[in-house]
Amino acid sequence: MSVAIVTGAAAGIGWATAQRLAADVQHVALLDVHADTAARRASELGPTHCGIECDVSSEPSVTAAIHAVLARYGRIDILVNNAGIGDQPGATVDQDMAAFDRVLNVHVRGTFLLSREVARTMLAQRSGAIVNVASVAGFAGIPTRNAYGAAKAGIMAMTRAMACEWARGGLRVNAVAPGYVRTQMVDELERKGALDTMAVAARTPMGRLARPEEIAEAIAFLASPKASFITGATLAADGGWLALGAPESVLG
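What counts, and where the lines are drawn
- Residues numbered from 1 in each chain as written.
- Predicted model: local features only at pLDDT ≥ 70, side-chain atom pairs only at ≥ 80, totals over all residues.
- Heavy atoms only, no water.
- Helix = DSSP H or I, 4+ residues; strand = E, 2+ residues; numbered from the N terminus.
- Buried < 20%, exposed > 50% of the residue type's maximum accessible area, 1.4 Å probe, protein only.
- Contact = heavy atoms within 4.5 Å.
- Polar contact = N/O pair within 3.5 Å; in protein donor to acceptor, adjacent residues only side chain to side chain.
- Phe/Tyr/Trp six-rings, centres within 6.5 Å; stacked < 30°, edge-to-face > 60°.
- Lys NZ or Arg CZ within 6 Å of the ring centre and 35° of its normal.
- Pairing = 2+ DSSP bridges.
- Axes fitted to C-alpha atoms, helices over the stretch in contact; angles between N-to-C directions.
- Parallel < 35°, antiparallel > 145°, perpendicular 65-115°, else oblique.
- Left-handed = near helix turned anticlockwise from the far one by under 90°.
- pLDDT = per-residue confidence, 0-100.
- Salt bridge = Lys/Arg side-chain N within 4 Å of Asp/Glu carboxyl O.

**Q** I'm lost on the environment of aspartate 32 in this one. Help?
**A** With respect to the secondary-structure elements, aspartate 32 resides in strand 2 (residues 27-32). A relative accessible area of 8% means that aspartate 32 is categorised as buried. Through-space distance from the C-alpha of aspartate 32 to that of asparagine 82 is 9.9 Å; in sequence the pair is 50 residues apart. Setting aside its immediate chain neighbours within four residues, aspartate 32 contacts Gly8, Ala9, Ala10, Ala38, Ile52, Glu53 and Cys54. There is a polar contact of 3.3 Å between the side chain of aspartate 32 and the backbone nitrogen of alanine 9.

Next comes the structure, spelled out in structure tokens:
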């Protein structure tokens with residue numbers, strides 16, 4: 001029996017990942033702050049899967065969710081830390097501190113809390129794989145997106161630290177850094193005027209945004225035995241965004 005947890009699993013990359021992992025593992029626990037949606041998504045996958053309400057920024061909520069997974073399945077083999085929110089667009093001098101803190105709480109605190117709780121079980125099993133969802137924003141400077149960039153850079157730093165700490169305990173910890181993906185979050189940024197997806201596509205060597213399923217495939221690879229000697233790595237799944245070191249006019 002193998003068990004996977006996906007956070008932020010009700011939509012976007014999380015839902016695509018839950019669907020992809022359901023092809024490889026017997027049980028997927030879909031954790032999301034939207035309990036009804038998580039339960040509905042789990043029912044779409046089938047009776048061996050479950051949806052659980054979880055606010056990843058809340059320690060009691062995370063603890064309760066992990067206890068629920070263990071009570072139901074008895075073990076945890078894969079954790080995908082995907083839950084996240086967009087940050088406030090606009091000039092840095094106009095940004096609100098509470099909104100800044102909220103982004104870091106969901107992304108960084110959430111990744112830490114889930115990883116800590118799940119690692120206790122994985123270390124006892126002496127096996128497990130954690131995949132964190134980072135972003136190209138953690139590598140590159142994106143004006144006005146201070147909280148999001150800082151959060152994703154923090155996730156990548158934790159990925160490396162936890163990977164080294166737990167490697168000899170049988171755990172692997174990696175991250176995927178997506179470029180721009182056609183998700184509800186990106187749609188919302190576009191509606192707010194904070195993101196020009198046509199310009200993003202033009203700047204991306206592959207000439208388009210990613211589909212959530214493409215990121216899910218990268219996550220599934222890092223979570224699988226096929227990546228058995230990979231830990232502490234961040235895999236960019238960005239259509240060549242970070243690789244481009246010339247004006248976009250060279251792309252033709």
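**Q** Can you help me understand the packing of aromatic side chains in this one?
**A** Each aromatic ring pair is specified by the distance between its two centres and by the angle formed by the two planes. For the coordinates displayed, the defined rule picks out one aromatic pair. Note on tyrosine 180 and tryptophan 241: the rings are 5.2 Å apart at their centroids and 65° apart in plane angle, and the pair reads as edge-to-face. Taken together, the residues tyrosine 180 in the loop between strand 6 (171-178) and helix 6 (184-191) and tryptophan 241 in the segment after strand 7 (234-237) connect sequence positions 61 residues apart. Exposure remark for tryptophan 241: the relative accessible area of 14% places this residue in the buried category. Across the ring face of tyrosine 148, the terminal group of arginine 145 is positioned such that the distance to the ring centre comes to 4.4 Å. Taking NZ or CZ as reference, arginine 203 lies 4.1 Å from the ring centre of tryptophan 241, over its face.

**Q** What is the right way to read the sheet that holds strand 5 (residues 128-133) from this model?
**A** Backbone hydrogen bonds hold the strands of a sheet together, and the pairing may be parallel or antiparallel. If you walk across this open sheet you meet the seven strands as 3-2-1-4-5-6-7, and the pairing is parallel. Among the strands making up the open sheet, the edge pair consists of strand 3 (50-53) and strand 7. Across the sheet, the axes of successive neighbouring strands diverge by a mean angle of 20°, strand direction being ignored. Note: strand 1 (residues 3-7) against strand 2, five bridges, orientation parallel. Bridging from a neighbouring strand, valine 6 pairs with leucine 30 of strand 2. Against the sheet, helix 1 (residues 12-21) contacts strand 1, strand 2, strand 4 (78-81) and strand 6, and its axis sits at roughly 170° relative to strand 1. Where helix 4 (residues 97-125) meets the sheet, its contacts fall on strand 1, strand 2, strand 4, strand 5 and strand 6, and the angle it forms with strand 4 comes to roughly 175°.

**Q** Sorry if this is basic, but what is going on with the packing of helix 1 against helix 8 (residues 212-223) here?
**A** Helix-helix packing: each pair is described by the crossing angle between the helix axes and the interaxial distance. Relative to each other, helix 1 and helix 8 sit at 55°, their axes nearing to 8 Å. Viewed along their axes, helix 1 and helix 8 adopt a mutual orientation that is oblique. Of the two possible hands of crossing, helix 1 and helix 8 adopt the one that is right-handed. Within the contact between the two elements, helix 1 uses Gly12, Ile13, Ala16, Thr17, Arg20 and Leu21 and helix 8 uses Pro212, Glu213, Ile215, Ala216, Glu217, Ile219 and Ala220.

**Q** Hey, could you run me through the confidence of the model for the chain in this one?
**A** Regions with low pLDDT should not have their predicted coordinates read in detail. Taken residue by residue, the chain gives an average pLDDT of 96. The fraction at 70 or more is 100%. Within the chain, helix 6 has the poorest average pLDDT of any element, 83, and strand 4 the best, 99.

**Q** Teacher, can you tell me more about helix 1 here?
**A** Summarising burial for helix 1: seven of the ten residues are buried, a large majority. Turning to helix 1, its buried residues are Ile13, Gly14, Trp15, Ala16, Thr17, Ala18 and Leu21.

**Q** What am I meant to see in unusual backbone geometry here?
**A** As a rule of thumb, non-glycine residues mostly have phi less than zero, and peptide bonds are mostly trans rather than cis. The phi torsion at arginine 126 lies on the positive side, around 60°, for a residue other than glycine. Assignment of secondary structure puts arginine 126 in the loop between helix 4 and strand 5. Of note, the phi angle at threonine 144 is positive, near 80°, even though the residue is not glycine. In this fold, threonine 144 is placed in the loop between strand 5 and helix 5 (146-166).

**Q** I would appreciate a short explanation of the pattern of salt bridges in the present structure.
**A** A side chain of one charge can pair with a side chain of the opposite charge when the charged atoms of the two come close. Taken as a whole, this structure holds 14 salt bridges when the rule is applied. Among the ionic pairs, glutamate 44 bridges to arginine 41, the shortest N-O distance being 3.7 Å. Taken together, the residues glutamate 44 and arginine 41, both in helix 2 (residues 35-45) and three residues apart, mark about one turn of the helix. Ionic pairing is found between arginine 75 and aspartate 77, a salt bridge with its closest N-O pair at 2.7 Å. Residues joined in a network through salt bridges with shared partners are Glu59, Arg116, Glu117 and Arg120.

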